[in-house]
Amino acid sequence: MDREKRILVVDDEDQIRRLLRMYLEREGFQIEEAEDGEKALRMALSQDYDLIILDLMLPGMDGLDVCRKIREKKATPIIMLTARGEEVNRVEGFEVGTDDYVVKPFSPRELVHRVKAVLRRSSATAFLTTDTETRDVIVFPNLVIDHDAHEVRADGKKVALTPKEYELLLYLARSPSKVFTREELLRDVWHYEFFGDLRTVDTHIKRLREKLNKASPAAAAMITTVWGVGYKLEVPKE
């Protein structure tokens, strides 16, 4: 039987934490709580959670800073909560590595649905099969993406990616040499359309390259910028 997924709920409002605990525990999740950014960061870095629900407006260190510091060390999936729905804050959230974004007031059932969706995308215990003929694996000379295992290896070394970084790489890898605009990537990877600042795509591409580069500069070089258009994953010619 699978272990209970551990979720850290971070919000300075006790009522919201209690509400989320009630709904999430009903779905079989194990819940821990933090009421401020400093405590949340200590817990997130000292323990391993399957997902973090993080409020943006926190006393002391805000949610963006907490997310940014977590991303320096870990790829734990993060859903950001905020009472502010302006586009600029959505962009900031995605730029620092948030995997999903929920605006208050929200439906607890909708949030549970989002939690399950993010966990499905980030699960490292997805269905595995020993039959390599039927595995969902993409193999390039310096890069292997095993989608069944939700695992990325560059020159044989495992690369830890956030759910969004992984989705972005997988999306590019499924159509090698095809150029995608930033708008297309926002729509198809983030499943969210908004007009304005597209830096969130550039930020994730930069972070993805940096992580791949630590394991394999050749794999990182496959992610190519097409100036004035967008990005593609270019397979090196033999």
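Residues numbered from 1 in each chain as written. Predicted model: local features only at pLDDT ≥ 70, side-chain atom pairs only at ≥ 80, totals over all residues. Heavy atoms only, no water.

For the chain, the name recorded in an unreviewed UniProt entry is Two-component system, OmpR family, response regulator ResD, with Planifilum fulgidum as its organism. Turning to the chain, the UniProt annotation filed under Subcellular location (unreviewed entry) states: "Cytoplasm". (UniProt positions renumbered as here; feature names shortened; annotations may be inferred.)

Draft legend 1. View of the overall build of the chain. Within the chain one finds 9 helices and 12 strands. The burial tally for the chain puts 51% of its 238 residues in the buried class. Considering only contacts in the chain between residues 6 or more positions apart, those separated by 24 or more positions represent 59%. Within the structure as shown, the chain displays about 12000 Å² of accessible surface, and the carbon and sulfur contribution to it stands at 51%. (Helix = DSSP H or I, 4+ residues; strand = E, 2+ residues; numbered from the N terminus. Buried < 20%, exposed > 50% of the residue type's maximum accessible area, 1.4 Å probe, protein only. Contact = heavy atoms within 4.5 Å. Areas by Shrake-Rupley, 256 points an atom, 1.4 Å probe, with all protein chains shown as cover.)

Draft legend 2. Focus on the side chain of Lys104. Looking at where Lys104 falls in the secondary structure, it is placed in the loop between strand 5 (100–103) and helix 5 (108–122). A polar contact is formed between the side chain of Lys104 and the side chain of Asp11, at a distance of 2.9 Å. At 3.2 Å, the side chain of Lys104 and the side chain of Asp55 are in polar contact. Discounting residues that sit within four places of it in the chain, Lys104 has contacts with Asp11, Glu13, Ile16, Asp55, Leu81, Thr82 and Ala83. (Polar contact = N/O pair within 3.5 Å; in protein donor to acceptor, adjacent residues only side chain to side chain.)

Draft legend 3. Broad picture of the nonpolar core. Residues Ile52, Leu54, Leu143, Ile145, Val152, Leu169 and Leu212 are the most contacted members of the largest nonpolar core, which totals 53 residues. For this core, the leading source of residues is helix 6 (residues 163–173), giving 6 residues. When residues of this core are sorted by domain, at least three fall in each of domain 1 (6–122) and domain 2 (137–233). When sequence neighbours within four positions are dropped, the list of residues in contact with Ile52 reads Leu8, Val10, Ala44, Ile70, Thr76, Pro77, Ile78 and Ile79. Among the nonpolar cores identified, the runner-up in size contains 19 residues, and Tyr23, Ile53, Ile79 and Val115 belong to it. (Core = buried A, V, L, I, M, F, W, Y, C linked by side-chain atoms within 4.5 Å. Domains from an automatic or database assignment.)

Draft legend 4. Here's a closer look at the packing of aromatic side chains. Applying the stated criterion across every chain, the model contains 1 aromatic pair. For the pair Tyr171 and Phe180, a centre-to-centre distance of 4.8 Å together with 50° between the ring planes defines the contact as tilted. When its relative accessible area of 24% is taken as the criterion, Tyr171 is described as partly exposed. Judged by its relative accessible area of 3%, Phe180 falls in the buried class. Arg6 extends its terminal NZ or CZ atom over the ring of Tyr49, reaching a point 4.6 Å from the ring centre. One cation-aromatic arrangement involves Arg26 over Tyr23; the distance from NZ or CZ to the ring centre is 5.0 Å. (Phe/Tyr/Trp six-rings, centres within 6.5 Å; stacked < 30°, edge-to-face > 60°. Lys NZ or Arg CZ within 6 Å of the ring centre and 35° of its normal.)

Draft legend 5. Just the pattern of salt bridges, in detail. Counted by the stated rule, this structure contains 25 salt bridges. Arg21 is paired through a salt bridge with Glu33; the nearest N and O atoms lie 2.7 Å apart. Of this pair, Arg21 sits in helix 1 (residues 14–26) while Glu33 sits in strand 2 (residues 30–34), and the two are 12 residues apart along the sequence. Close ionic contact of Glu151 with Arg153 constitutes a salt bridge, the shortest N to O distance being 2.8 Å. (Salt bridge = Lys/Arg side-chain N within 4 Å of Asp/Glu carboxyl O.)

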